[in-house]
Amino acid sequence: MRGRHSETQHPPTHRAARRPRAAAPTRRLVTTVASAAALAVALVVAIIAPAESAPIGVYRPVAPDRVLSGTTLAAGGTVTVTLPAVPAGATSATLQVTAARTTAATTRVSVCPGTAVTDACTAAPALVVTAEEPASATVSVPVSAAHPTVTLQASADTRVFADLHGFGVDASKGSAAEDSLYVPVDPHRVLETTVSGRGTTTVAVPEAPKGATAVALRLTSTASTETSYVAVCPQGQTAATCAATSVLNPIPERARQASLVVRLGAGGTLQLFNQQGDHTVAVDVDGWYVARTVSSTGGNLQTLEEPDTLGATVVRSGASTSLRLDDVPANATAVQVRLTAKGAWRPTSVSACPGTAASDECRETSFLVASPDAPARNQALVPLGGSARDTITLTSTDASVRVTPEVVGYVVGPGGVTVPPPTRTPTPTVTPTPTPTATPTPTPTATPTATATPKPTAAPTATPTPKPQTTAAPGSAKPGASNTGVPAGTRLTVHEGDLTVTTPGAVVDSLDIRGFVKIAAPNVTIKNSIIRGYATTIQRALVTNNTSGASVLIQDSELYAQAPSAHIDGVRGSNITVRRSNIHDVIDVFHLTGGNVTIESSWLHDNLHYEKDPLQNNTPSHDDTVQIQAGSNITIVGNTIEDATNSGIQFTQDQGVVSNVTISKNWAGGGGCTVNFAEKGKGAFQGVVITDNVFTRDQRVANCAIIAPSSTTKVLTVARNTWTDGSPVSVSRGD
């Protein structure tokens with residue numbers, strides 16, 4: 001097993017707040033409004049939220065609104081702005097600040113809370129502008145409903161503008177449906193368009209996850225014919241209001257960049273307003289804000305006490321340079337980085353990507369474009385993930401360039417910051433069990449009982465033994481937050497990166513795995529663990545067992561995609577047993593390509609769904625709770641099955657004949673029809689038993705619990721299935 005480890009305490013899971021956030025931040029992170037005032041440069045000022053009485057930090061996007069029209073400031077001059085409609089519980093306001101008509105070689109614009117300008121505020125300017133080149137930056141500044149004012153100061157003569165884009169809010173003092181958490185993705189280019197003349201261009205941002213309220217973007221303009229400005233707003237906002245704002249400032253013969261967070265219109269649509277001229281605009285996505293009522297797996301940005309400058313580095317033409325980050329919080333999912341680039345002999349595009357190797361998709365993005373004429377500056381969020389989650393990689397396309405990086409803050413993921421940064425010393429946790437007969441074999445009859453599972457061995461002796469998970473008979477208690485997943489009180493050891501298990505009879509106990517797991521040995525057990533993956537653009541599953549002769553038991557564990565993606569399933573393969581586990585926020589919860597599978601007493605819910613899924617030719621996702629492509633001896637008993645868009649249980653036979661499947665005592669719903677049979681030219685499904693299930697009436701096709709071709713219906717065993725009101729369920733004809 002490769003990687004680094006650190007210990008975390010696992011709290012109880014709940015659907016609305018699956019991983020309550022801890023109160024204690026790391027040493028270097030700012031969590032108070034007062035200290036955030038010293039660094040008003042972040043996209044969102046985050047407040048770590050522990051239990052019910054503690055603050056709940058969220059981001060609440062609003063449609064862009066110009067709150068400061070063009071105002072000329074002399075050197076040292078200030079202007080104070082009173083922000084409109086500051087909500088109850090507000091802790092910060094997110095502004096897009098633009099400066100233009102500068103004449104000094106460098107002009108610094110600071111944005112400070114209240115009416116006073118402090119040395120701490122001016123020491124960390126929100127925006128640095130080169131002479132005669134208008135520029136824009138996102139800045140978050142502390143405000144409250146009682147103190148809704150901010151003050152801008154310029155170090156030299158300039159004209160300043162400010163647009164309101166959203167608020168950081170303590171949701172415990174007043175919540176709204178659009179309150180959201182940040183979910184990073186591998187940076188990738190989603191579209192390139194031409195804006196011509198004065199007018200609006202509508203674009204749809206693909207791959208928006210369910211519940212997305214806002215998106216973190218980077219815009220790059222090239223081939224500009226005139227100096228202009230471009231505004232970005234949700235589709236549906238009035239054209240006049242959108243045109244009054246601005247983000248990107250194209251100029252001829254120069255590529256320009258800007259980063260922003262913008263509220264989404266219906267269906268993930270945006271409008272780009274162009275003032276004048278013709279410009280090619282590329283749009284890159286760094287991540288999404290997702291409503292916390294839909295998913296609580298996102299995080300909040302926390303700023304450092306002061307920016308951490310990593311030291312200048314040269315990125316060679318056509319090459320890459322990796323940057324090691326110090327003191328990365330254990331639950332960090334993204335880092336906010338500011339780059340300043342200079343010294344390129346010709347224009348070159350610089351990308352910033354997670355890990356030690358940039359993906360092809362990330363290389364195509366542009367963090368900034370450096371040129372010989374003037375320094376280029378930008379800041380954005382870069383995801384952290386994989387086996388080198390303390391590393392990001394810079395690339396340069398066409399020239400060597402000197403880059404000075406600064407770390408501004410970190411997005412802290414589910415659970416908040418609960419421990420210091422991971423130690424560098426690996427702690428082995430996968431050990432062979434002394435009694436292989438107590439572990440599952442590929443045949444269902446050899447599956448071990450819960451009492452035969454070896455006792456936990458990875459938890460430190462100083463930690464109280466967690467309460468054992470209730471082991472009620474499958475189907476006797478509905479699975480949910482209280483009886484699935486990692487038992488409360490379990491101390492988890494962080495494993496950074498992927499894990500491949502090659503030892504027969506190995507037991508993986510009490511790990512928090514920040515990567516993907518591959519099973520390559522028989523009789524492997526994973527228990528009391530979290531598996532969360534990382535940002536990826538390769539189709540993968542959190543746990544994969546496709547090695548001949550290998551088998552795995554997963555019990556009392558939680559699996560979810562921490563960086564949601566159309567590329568991530570929950571569990572793939574065959575020879576798999578899963579008990580009392582909480583699996584969510586993936587495309588297919590189970591994608592079965594063979595038999596000898598038992599799924600019991602588990603909570604399978606909240607599938608990811610994308611209206612434009614890149615793996616479905618940009619048509620909607622085909623997300624299923626359980627998809628069976630081939631195999632026999634499959635048992636699905638006593639589970640809660642909900643929230644899939646396509647099907648709860650989808651029989652396909654895409655890879656072979658499916659037979660001898662038992663579906664019993666489940667609480668099931670969702671999908672077009674919850675159980676769907678597609679013979680795919682391989683004939684009727686033989687040996688399928690569907691009994692004693694309770695179905696909810698939430699299918700897209702009304703009252704379609706089970707649908708099958710008549711040839712399969714004739715050989716199905718179907719008995720004692722009811723709706724939640726007790727009325728009997730029948731099989732719908734699918735010919």
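None of the values given here were measured: they were computed from a predicted structure.

Caption draft 1: Looking closely at the layout of surface pockets. Counted as a void, the largest pocket has a volume near 700 Å³. Lining of the largest pocket is provided by 40 residues; of these, Leu-127, Val-128, Ala-376, Arg-377 and Asn-378 occupy positions nearest its centre. Contributions of two or more residues to the lining of the largest pocket are made by strand E5 (106–113), strand E6 (127–130), strand E7 (135–142), strand E14 (256–263), strand E20 (332–342), strand E22 (368–370), strand E23 (376–383) and strand E25 (401–412). Its residues assigned to classes, the lining of the largest pocket comprises 21 nonpolar, 12 polar and seven charged.

Caption draft 2: The state of the cysteines, seen in detail. In this structure the tally under the stated criterion is four disulfides. Between the sulfur atoms of Cys-233 and its disulfide mate Cys-242 the distance is 2.2 Å. Taking the sign of the S-S torsion, about 95 degrees here, the bridge from Cys-233 to Cys-242 comes out right-handed. With respect to class, Cys-233 is no different from Cys-242; both count as buried. Sulfur-sulfur distance for the disulfide between Cys-673 and Cys-704 comes to 2.0 Å. Around the S-S axis, the bridge from Cys-673 to Cys-704 shows a dihedral of about 95 degrees and counts as right-handed. Taken together, the residues span a long stretch of sequence, with Cys-673 in strand E49 (residues 673–677) and Cys-704 in the loop between strand E51 (694–695) and strand E52 (706–708) at a distance of 31 residues. Considered together, Cys-673 and Cys-704 belong to a single accessibility category, that of buried residues. Each disulfide in the chain links cysteines that, numbered along the sequence, combine into the pattern 1-2, 3-4, 5-6, 7-8.

Caption draft 3: Representation of the sheet that holds strand E19 (residues 320–324) within the structure. Here four strands make up an open sheet; going across it, the order is E19-E24-E21-E22 and the pairing antiparallel. Two strands in the sheet have a free side with no partner beyond their single neighbour: E19 and E22. Taking the axes of each pair of neighbouring strands and ignoring which way they run, one obtains an average angle of 25 degrees across the sheet.

Caption draft 4: Just the packing of aromatic side chains, in detail. Counting across every chain of the model gives eight aromatic pairs. Between Tyr-59 and Tyr-289, the aromatic rings sit 4.8 Å apart at their centres with planes inclined by 45 degrees, giving tilted as the arrangement. Here Tyr-289 lies in strand E16 (residues 278–291) and Tyr-59 lies in strand E2 (residues 57–73), a separation of 230 residues in the sequence. There is no split in this pair, since Tyr-59 and Tyr-289 are both buried. Ring geometry for Phe-651 versus Phe-685: centroids 5.3 Å apart, planes at 75 degrees, classification edge-to-face. Of this pair, Phe-651 sits in strand E46 (residues 647–651) while Phe-685 sits in the loop between E49 and strand E50 (686–691), placing them 34 residues apart in sequence. Given the relative accessible area of 0%, Phe-685 is considered buried.

Caption draft 5: Just the side chain of Ser-371, in detail. If you trace the backbone, Ser-371 turns up in the loop between E22 and E23. Judged by relative accessible area, Ser-371 falls into the buried class, the value being 5%. Beyond its immediate chain neighbours, meaning those up to four positions away, Ser-371 contacts Arg-254, Ala-344 and Pro-347.

Caption draft 6: Structural context of unusual backbone geometry. You will see that Ala-85, though not glycine, has its phi angle at about 50 degrees, which is positive. Mapped onto the elements, Ala-85 comes out in the loop between strand E3 (78–82) and strand E4 (90–100). Taking relative accessible area as the criterion, Ala-85 reaches 72% and is therefore assigned exposed.

Caption draft 7: Quick look at the nonpolar core. By size, the foremost hydrophobic cluster in this structure holds 56 residues, and its most contacted members are Phe-590, Ile-628, Phe-651 and Phe-677. The element best represented in this core is strand E47 (residues 658–664), accounting for three residues. With near-sequence residues (within four places) excluded, Phe-651 lies in contact with Ile-628, Val-658, Val-661, Ile-663, Val-675, Asn-676, Phe-677, Ala-678, Phe-685 and Val-688. Counting residues in each nonpolar core, the second largest holds 34 residues, with Val-109, Ala-137, Val-143 and Phe-167 among its members.

Caption draft 8: Quick look at the side chain of Gln-650. Of note, Gln-650 is situated in strand E46. For Gln-650, a relative accessible area of 8% translates into the label buried. Of the polar contacts made by the side chain of Gln-650, one reaches the side chain of Ser-647; its length is 2.9 Å. At a separation of 3.4 Å, a polar atom in the side chain of Gln-650 contacts the main-chain carbonyl oxygen of Asn-676. Once residues within four sequence positions are removed from consideration, Gln-650 is found in contact with Asp-624, Val-626, Gln-627, Ile-628, Asn-676 and Ala-678.

Caption draft 9: Structural context of the pattern of salt bridges. Going through the model one piece at a time under the given rule, you end up with 20 salt bridges. When the shortest N-O distance is used, the salt bridge between Arg-218 and Asp-284 registers 3.7 Å. One end of the pair, Arg-218, is in strand E12 (residues 212–222); the other, Asp-284, is in strand E16, with 66 residues separating them in the sequence. Under the relative-accessibility criterion, Asp-284 is labelled buried at 0%. A salt bridge links Asp-512 to Arg-514, with the shortest nitrogen-to-oxygen separation between them at 3.0 Å.

Caption draft 10: A look at the pairing of strand E9 (residues 158–170). A large share of E9 lies buried, amounting to 12 of its 13 residues. Taken together, the 10 bridges between E4 and E9 define a ladder with antiparallel strand orientation. Counted as the bridge partner of Val-97 is Ala-162 from E9.

Caption draft 11: Broad picture of the sheet that holds E6. One open sheet accounts for four strands, arranged E3-E8-E5-E6; its pairing is antiparallel. Of all strands in the sheet, those with a lone pairing partner are E3 and E6, marking the two edges. Between one strand axis and the next, the sheet turns through 20 degrees on average, direction left out of account. Bridge count between E5 and strand E8 (residues 149–154): five bridges; the pairing is antiparallel. Counterpart to Val-111 in the pairing with E8 is Leu-152.

Conventions used here
- Here the residue numbers are simple positions, counted from 1 along each chain's written sequence.
- In keeping with the predicted nature of the model, local features appear solely for residues at pLDDT of at least 70, side-chain atom pairs appear and are counted solely at 80 or more, and the whole-chain, interface and lining totals rest on all residues.
- Side-chain figures throughout are based on the complete set of non-hydrogen atoms in the structure, without hydrogens or water.
- Here a cavity denotes a set of grid points, spaced 1 Å apart and computed over the protein atoms alone, in which a 1.4 Å probe fits but from which it cannot get out, and a pocket denotes an open set meeting protein on both sides within 12 Å along at least five of seven lines; residues with an atom within 4 Å of a point are reported as lining.
- Grid points are joined across faces, edges and corners, and a volume is the space filled by probe spheres set on the points.
- Helix numbering and strand numbering both begin at the N terminus, where a helix is a DSSP run of H or I of at least 4 residues and a strand a DSSP run of E of at least 2.
- Under this grouping Gly is polar, as are all residues other than the nonpolar Ala, Val, Leu, Ile, Met, Phe, Trp, Tyr, Cys and Pro and the charged Asp, Glu, Lys and Arg.
- Sulfur atoms of two cysteines make up a disulfide when they are within 2.5 Å.
- Think of it in three bands: residues with accessible area under 20% of the maximum for their type are buried, residues over 50% are exposed, and the middle band is partly exposed, with areas taken using a 1.4 Å probe on protein chains only.
- Two strands pair if DSSP finds at least two bridges between them.
- The axes used here are C-alpha line fits, helices contributing only the stretch in contact, and every angle between their N-to-C directions lies in the interval 0 to 180 degrees.
- In this analysis, rings of Phe, Tyr and Trp, with Trp reduced to its six-membered ring, are considered paired at centre separations within 6.5 Å, and the interplanar angle assigns stacked below 30 degrees, edge-to-face beyond 60, and tilted for intermediate values.
- Contacts between residues were defined by any pair of non-hydrogen atoms, one from each residue, lying within 4.5 Å.
- We call a set of buried residues a nonpolar core when its members are Ala, Val, Leu, Ile, Met, Phe, Trp, Tyr or Cys and they connect through side-chain atoms within 4.5 Å of each other.
- Here a polar contact means two N or O atoms within 3.5 Å. Within protein one must be a hydrogen donor candidate and the other an acceptor candidate, and residues neighboring in sequence count only if both atoms are side-chain atoms.
- What counts as a salt bridge is simple: a side-chain nitrogen of Lys or Arg found within 4 Å of a carboxyl oxygen of Asp or Glu.

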